[in-house]
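Residue strings, one per chain:
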Amino acid sequence: DKKSLAIMYALLTVVLWGLSFLSIKTSVSVVPPMTLGFVRFLIAFIVLYLTTKVMNTDITVDKKDLPYLALAGFLGITLYFFFENNGVKILPASNASLITSIIPIVTLIFESILFKTRLTKVKIFSIIASVIGVLLIINLDFKNLLSIVLEGYAKGYLLMFGAVGCWVIYSLSTKKLYEKYSQLTIVFYQELFGTIFFVPFIFFEKTDFTQIDGVIILNILYLGVLCSALGYCTYGYALGNLGASVTSLFINIIPLVAVVASFFILKESISFTQIIGGILIILSVYFVTLFDNKSSTKEQQESHSLA
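This report concerns the structure included in the present document. (Residues numbered from 1 in each chain as written. Predicted model: local features only at pLDDT ≥ 70, side-chain atom pairs only at ≥ 80, totals over all residues. Heavy atoms only, no water.)

Before going further, it helps to spend a moment on the side chain of Asn-85. Take Asn-85: it is sitting in helix H3 (residues 66–90). Residue Asn-85 is classed as buried on the basis of its relative accessible area, which comes to 2%. (Helix = DSSP H or I, 4+ residues; strand = E, 2+ residues; numbered from the N terminus. Buried < 20%, exposed > 50% of the residue type's maximum accessible area, 1.4 Å probe, protein only.)

This part takes up the side chain of Thr-35. Here Thr-35 is to be found in helix H2 (residues 33–54). Given the relative accessible area of 13%, Thr-35 is considered buried.

Moving on: the packing of aromatic side chains. This structure, assessed with the given rule, holds 15 aromatic pairs. Centroid distance Trp-167 to Tyr-170: 4.7 Å. Interplanar angle 50°. Geometry classified as tilted. Remark: Tyr-170 and Trp-167 occur in helix H8 (residues 153–173); sequence separation between them is three residues, near one turn of the helix. We classify Trp-167 as partly exposed; its relative accessible area is 23%. The class for Tyr-170 is buried, based on a relative accessible area of 4%. An aromatic cluster of at least three residues, connected via ring pairs, comprises Phe-41, Tyr-80, Phe-81, Trp-167, Tyr-170 and Phe-198. (Phe/Tyr/Trp six-rings, centres within 6.5 Å; stacked < 30°, edge-to-face > 60°.)

Residues Phe-272, Ile-275, Ile-276, Ile-279, Leu-283, Tyr-286 and Phe-287 make up a contiguous nonpolar surface patch of about 620 Å² in total accessible area. Position of Ile-276 relative to the elements: it lies in helix H14 (residues 272–306). (Patch = residues over 30% accessible without salt bridge, like charges linked within 9 Å, V, L, I, M, F, W, Y side chains within 5 Å. Areas by Shrake-Rupley, 256 points an atom, 1.4 Å probe, with all protein chains shown as cover. Salt bridge = Lys/Arg side-chain N within 4 Å of Asp/Glu carboxyl O.)

Structurally, Ala-261 is set in helix H13 (residues 254–264). Note on Ala-261: relative accessible area 10%, which makes it buried. Linking Ala-261 and Ala-93, residues 168 residues apart in sequence, is a C-alpha distance of 9.4 Å. Among residues more than four places away in sequence, those in contact with Ala-261 are Leu-19, Leu-22 and Leu-266. (Contact = heavy atoms within 4.5 Å.)

Our next topic: helix H1 (residues 2–27). An α-helix turns once per 3.6 residues; consequently, residues spaced three or four apart project the same way. A rise of 1.5 Å per residue sets the reference length of H1, with its 26 residues, at 38 Å; its end C-alpha atoms lie 36 Å apart and thus fit the reference within 8%. Maximal helix bending in H1 amounts to about 30°, located at Ser-20. (Expected span 1.5 Å × (residues − 1). Bend = angle between axes of the 7 residues up to and from the residue.)

By the definition in use, this model includes two salt bridges. The salt bridge involving Lys-180 is made with Asp-62; its shortest N-O contact spans 2.9 Å. In this pair, Lys-180 is assigned in helix H9 (residues 175–180) and Asp-62 in the loop between H2 and H3, connecting sequence segments 118 residues apart. For Lys-180, the salt bridge identified is with Asp-65, shortest N-O distance 2.8 Å. Here Lys-180 is found in helix H9, whereas its partner Asp-65 is found in the loop between H2 and H3, with 115 residues between them in sequence. For Lys-180, a relative accessible area of 43% corresponds to the partly exposed category.

Structural measurements only, silent on function.
As structure tokens, then:
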């Protein structure tokens, strides 16, 4: 049935996006960050364009919405991957993935400030837990603060926090678009404009094409075809059939996939305190999502009883 298929797609998305951190780490060692972003999303856009033609999908939008779709492409792709690709280049892939896992918590904070949404005890507890989790991941204490700065990790963490902030602003500013258009339509235009906005940046980067081998090409194809084209489609299907709350529970597993894969494939080490930090962040997001889901279900039941 549709629900079982949606669960399978959600799990597939988790694996694809979790492994993407490893592919970025491998590719960015040879291909500069913004050039990598341009090639990745050019491939993804071509795949999506062909998909819409084969499926005869209507992706027409109102001309007045094009500036908003362009903004979505700039924030959600160009600017986000400026921060993420540069951050992953500096940091271990596992650390970078764990930092991005705080996106739901940061979104929660921004929503409470901008839209005056009420912060429940569970939400406040989750925010505190996620902050502690981040500090544990960074290993921020007086003993190793100097080593973090000297090794350049400080810049990497700042870049990843920039990616988090960028995605939060993107997600909050594009809510109305998702009320009007399908996931595929938004992703199509988002990737079109995002790819275009990458172009000016690549002129400031230099790629040594002699270092590009089969491994790099396969990783870039993986990022473009599977992560940015297929991944967005499977995520959209899961979102449409499972709902935002249930889908986000699956998405929370992405850092776990990235950490485990980084350990076995890239041989990255992760300390016990960083593991605890990652667990705190994942649990904080899980509880926020779980209680929001229960709250929404209760409100729906109450509204049906009044009808």
